[in-house]
Amino acid sequence: MTDLEHRPSAANYAESGVAIQRQGFGSSELERRNETQASAAAEYARAMVQARYIVAIQRPRDVDDFRARLLKHCRRPGFAAIAEYAKPVGGGTVRGMSIRFVEAALQEYGNVSPEVMAVYDDDEKRIVRISLTDLERNITYTEDATIEKFVERKSSVGAEVIGERRKKNGDIVYKVRATEDDFNNKLAAAVSKKIRNLGLRILPPDIVDEARTISTKTRQDKSASDPDAERKSIADAFATLRVMPSDIKDYLAHDIGTASPAQLDDLRMVYVAIRDGDTTWAETMKTERARRGELDAKPVDAVADKLKAKLATSAPKKEDAQ
């Protein structure tokens, strides 16, 4: 038989690339398709999902090892300083584990797969679906995040204005079209928050509570060993957020130099909350002033007051009308 007789026929060449062989869990099948590009993308996604589950089965996590590694992180002052956040809400304070803590914990926990997929997009907003899957337990938690394609600015110069609103003090805030960088920052922050919330549903709660306790002790020990250095460190951290020592003094109602270890710990967690986008300094101060009773029960609307006064002085008297 000659070499020519061994060569594939023209029909065989035409069929190349349209047949897909699937290798799954103990099964194998061959499928013929004509849309090679779509098929390749689908098979790639399928193969990646299968590979994650196979690796998770072959290399299961050890919870005791996870606990030891996570608590080792929490004993490091640098990690403990960013492990928790705190933000004033109403008459109290909401505390929780930070985005950075959950990210590190998920890395140490292992066999967890995050997925982000856009489910809706138009000129005003984008909706993304964030899911987190425990590959060993085959449990998936999902949340949607809506990211609006505008930001608020005090000035509209050089921007595309799509709306405006008036604050209670009479100032106008413009809603302007977000730049690509602005939108990407908003998207990343929204996704990170959702992953934090979903991650806390997967991580063992008892180990998370133990990590919180150790992180708090690590921060308090560091503050007690050198409180002056801790005060300077906190002031420098807030300065990166454009919050000056005078602003911190207003928040504490006294100078930061006389802050107690507990107040320093509170400041550190407030800084983490602002940096992660959970709140702003303006909202923090507003809530703190309200808690101290420094705000009126009804906010003053300067514009409304001026308008009422103008109408009262310009209204015609009855004698003039006659």
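Peer 1: Sorry, what's going on with the packing of aromatic side chains here?
Peer 2: Taken as a whole and judged by the stated rule, the model has five aromatic pairs. Judged by centre distance (5.7 Å) and plane angle (70 degrees), the rings of Phe 238 and Trp 281 are edge-to-face. With a gap of 43 residues between them, Phe 238 in helix H9 (residues 227-239) and Trp 281 in helix H12 (residues 281-291) connect regions that are remote in the sequence. Residue classification places Phe 238 among the buried residues on the basis of a relative accessible area of 0%. The buried category is assigned to Trp 281, whose relative accessible area is 14%. Within the aromatic cluster, the residues linked to one another by ring pairs are Phe 238, Tyr 251, Tyr 271 and Trp 281.

Peer 1: How should the nonpolar core be read in this particular structure?
Peer 2: Inside soluble globular proteins, nonpolar side chains tend to come together where they are buried. Phe 101 and Leu 203 are the most contacted members of the largest nonpolar core, which has 34 residues in total. Of all the secondary-structure elements, those providing two or more residues to this core are helix H4 (63-74), helix H6 (99-109), strand E6 (125-134), strand E7 (139-148), helix H7 (180-202) and helix H8 (205-225). At seven residues, the largest contribution of residues to this core is made by H7. Excluding its chain neighbours within four sequence positions, the residues that come into contact with Phe 101 are Leu 70, Cys 74, Phe 79, Ala 83, Val 208 and Ala 211. Within the second largest apolar cluster, 19 residues are counted, among which are Ile 248, Leu 267, Ile 274 and Trp 281.

Peer 1: Looking at this structure, I do not really get the layout of surface pockets. What am I missing?
Peer 2: Empty space among the atoms can be located by rolling a probe the size of a water molecule over them. Each pocket or cavity is described by its volume, and for the second largest pocket that value is around 180 Å³. Around the second largest pocket, the lining residues are Thr 93, Arg 95, Tyr 251, Leu 252, Gln 263, Asp 266, Glu 288, Arg 291 and Arg 292. Of the residues contributing to the lining of the second largest pocket, the split by class is two nonpolar, two polar and five charged.

Reading the values: the criteria
Residues numbered from 1 in each chain as written. Predicted model: local features only at pLDDT ≥ 70, side-chain atom pairs only at ≥ 80, totals over all residues. Heavy atoms only, no water. Phe/Tyr/Trp six-rings, centres within 6.5 Å; stacked < 30°, edge-to-face > 60°. Helix = DSSP H or I, 4+ residues; strand = E, 2+ residues; numbered from the N terminus. Buried < 20%, exposed > 50% of the residue type's maximum accessible area, 1.4 Å probe, protein only. Core = buried A, V, L, I, M, F, W, Y, C linked by side-chain atoms within 4.5 Å. Contact = heavy atoms within 4.5 Å. 1 Å grid on protein atoms, 1.4 Å probe; cavity = no way out; pocket = protein on both sides within 12 Å on 5 of 7 lines; lining within 4 Å. Points joined across faces, edges and corners; volume = space filled by probe spheres on them. Nonpolar A, V, L, I, M, F, W, Y, C, P; charged D, E, K, R; others polar.

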